[in-house]
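# Descriptive structure summary
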Amino acid sequence: MASLTVSQLNARARQLLEQGLAQVWVEGEVSNFMASAAGHWYFSLKDERAQVSCVMFAGRNQLLVRQPRNGDRLLLCGTVSLYEGRGQYQLLAEQLRFSGEGDLLARLEALKQKLAAEGLFASERKRPLPPLVQRIGVITSLQGAALRDVLQVLKRRWPLAEVLVYPALVQGQEAPASLRRAMALAQYHGQPQVLLLARGGGSLEDLQAFNDETLARMVAASAMPVVTGVGHETDFTLVDFVADLRAPTPSAAAEAVSPDRQHLQQQLDVQQGRLIQAFFSRLRGAQQHLDSLSLRAASPNRLLKQQQQRLQQLVLRLQAQQPCRRLALMGQQWQRLNERLGAASPRREILRQQQRLQQWQKSLQQGLASHQRLDRERLQSLAARLHAISPLNTLNRGYALASSETGEVLRSSKQIKPGDPVKVRLAEGSLDCRVEKVRIES
């Protein structure tokens, strides 16, 4: 009786499974979900008595609205196979439907295909964001954490921007109409340079307002670029596909539209250094040119000596000939030569170049003074803004800041117990205290 190796046995078993079961539909609960760096999904599908290993490769899962989560009930379509390396059979998933969300996901998928066919998802229609935005519009709920996160990021990164908030409902039956009204109001005003459409995370039903077809078309037709930050990193809605930029979270959306002021300050310092270097380089070039002209110019004393020698020769010739008319002509010639010598003197050119050099020096000093004045005014403005939001400024109004012995800021009485030392920071000085009694208020 011929024997089989383990590899041969597993290979035959895989062939039997793939040929015998072909494609199957299996329903169960997700557990042990893991997404690899390559984008493949590995998880188990289980019921009350058994479980089976499943894998869905990146080429299949990239079109799904969201990743499965542990505890989700799925309806999975796939083929049965065997991983020969471990001798473990598994399901190779080709389609996934979330139990209870199947009809909703099917309608959403059909709507995605419709808008994609119209070219609303095309990358070439995506517009770049303005580099130094001055007015930012935010469409979100006034009660949600998303607005707080967006405002905190904008205050930290780009406090010079004006933020215009357009309140809207982000969940429930009235949410799509409310979001459409806010979008229409922002378009009517036309003031924001960029729009943020933001909401925190939630289930597929919670985010359904952002899958509204009319809202998606309004985002695609927006007069200004639109950035979405809806849900968590794994959540995708219809507006994410038509927006000019999709950010994984509201905070990331705020970072995408706001420049980093520290980086801009560094760039400004570099440009200032280059400007100063260019001024001094041009000044040195002018000085070298002036020196070159001075060397090339003939010495006035040498020219005068030559003319004197020539004059002496003429005088000697005149004394030898003694013609009055000749003497008069030579006198006139001498006068003309003397005038030409004065006109050709390099002193005028040297004086003119010195005046140009003084003008350049004055312009450089004025430019540097003006640039330094603007930098001081900008620094004072930023310092005033920073002082306005400084926690020390809050202390001046009578508040105090309590921290534990390790330096942790105390926000709740649950962080401390009787007998623990506490440091209290006041507007002027600080207090070292010890807790006598802790009151925990609901």
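Each remark here, short or long, concerns the structure printed above.
Within each chain, residues carry numbers counting from 1 in the order of the written sequence. Note on the predicted model: pLDDT of at least 70 is required for a residue's local features to be given, and 80 or more for side-chain atom pairs to be given and counted; whole-chain, interface and lining totals, by contrast, use all residues. To get the side-chain values, take all heavy atoms of the structure and skip hydrogens and water.

Before going further, it helps to examine helix α12 (residues 346–388). By definition, any uninterrupted DSSP run of H or I lasting at least four residues is a helix, any uninterrupted run of E lasting at least two residues is a strand, and each is numbered from the N terminus. Expected span of a helix, by definition, is 1.5 Å for each gap between consecutive residues, and there is one gap fewer than residues. Between its first and last C-alpha, α12 extends 63 Å over 43 residues, near the 63 Å set by a 1.5 Å rise per residue. Here α12 has its buried residues at Pro346, Gln353, Leu357 and Leu364. The buried label applies to any residue whose accessible area, calculated with a 1.4 Å probe on protein chains only, is under 20% of its type's maximum; exposed applies above 50%, and partly exposed to all values in between.

So, on to the packing of aromatic side chains. Aromatic pairing here means that ring centres of Phe, Tyr or Trp (its six-membered ring) are within 6.5 Å. Orientation follows from the plane angle: under 30 degrees is stacked, over 60 is edge-to-face, and everything else is tilted. By the definition in use, this model includes four aromatic pairs. Three or more aromatic residues link up through ring pairs in this structure, and these residues are Phe33, Trp41 and Phe43. Lying across the ring of Phe236, Arg246 places its NZ or CZ 4.0 Å from the centre. Taking the ring centre of Trp360 as reference, the NZ or CZ of Arg282 above it sits at 5.8 Å. A ring is scored as having a charge over it whenever the NZ atom of a lysine or the CZ atom of an arginine sits within 6 Å of its centre and within 35 degrees of its normal.

Turning to the environment of Ile416, a few remarks are in order. Within the fold, Ile416 resides in the loop between β11 (401–403) and β12 (421–425). A sequence separation of 12 residues divides Ile416 from Ser404, and the C-alpha atoms of the two residues are 7.7 Å apart. Beyond its immediate chain neighbours, meaning those up to four positions away, Ile416 contacts Leu410, Pro421, Val422, Val435 and Val438. We call two residues in contact when some of their heavy atoms are within 4.5 Å.

Glancing now at the pattern of salt bridges. Between side chains of opposite charge, a pair can form as their charged atoms come close. Salt bridge, as applied in this entry: a Lys or Arg side-chain nitrogen positioned within 4 Å of an Asp or Glu carboxyl oxygen. Here the structure, examined in full by the defined rule, presents eight salt bridges. The residue Arg127 makes a salt bridge to Asp244 at a minimum N-O spacing of 3.1 Å. Here Arg127 is found in the loop between α3 (102–117) and β6 (135–140), whereas its partner Asp244 is found in the loop between α7 (238–242) and β10 (245–246), with 117 residues between them in sequence. Residue classification places Arg127 among the partly exposed residues on the basis of a relative accessible area of 27%. For Asp244, a relative accessible area of 9% gives the class buried. The network of salt bridges with shared partners includes Lys114, Glu118, Glu213 and Arg217.

What follows deals with the sheet that holds strand β7 (residues 162–167). Pairing between sheet strands relies on hydrogen bonds along the backbone, with the strands arranged either parallel or antiparallel. Any two strands are treated as partners once DSSP identifies two or more bridges connecting them. The five strands lie next to each other as β7-β6-β8-β9-β10, forming an open sheet whose pairing is parallel. Looking along the sheet, the strands with just one partner apiece sit at the ends: β7 and β10. Against the sheet, helix α8 (residues 250–257) touches β6, β8 (194–199), β9 (226–230) and β10, its axis set at about 170 degrees to β8. Between the N-to-C directions of two axes lies an angle of 0 to 180 degrees, each axis being a line fitted to C-alpha atoms and, for a helix, fitted only over the stretch in contact.

Quick look at empty space enclosed by the protein now. In this analysis, the protein atoms alone were mapped onto a 1 Å grid. Cavities are point sets where a 1.4 Å probe fits without being able to get out; pockets are open sets with protein on both sides within 12 Å along at least five of seven lines; lining residues have an atom within 4 Å of a point. Grid points are joined across faces, edges and corners, and a volume is the space filled by probe spheres set on the points. One pass over the full model with this rule turns up four cavities of 30 Å³ or more. Of the pockets and cavities examined, the second largest cavity occupies roughly 50 Å³. Contributing to the lining of the second largest cavity are Val65, Arg66, Gly202, Leu204, Leu207, Asn211, Asp235, Phe236 and Thr237. Class assignment for the residues of the lining of the second largest cavity results in four nonpolar, three polar and two charged. Gly counts as polar in this scheme, as do all residues outside two lists: the nonpolar Ala, Val, Leu, Ile, Met, Phe, Trp, Tyr, Cys and Pro, and the charged Asp, Glu, Lys and Arg.

Bear in mind that shape data such as this cannot, by itself, settle questions of function.
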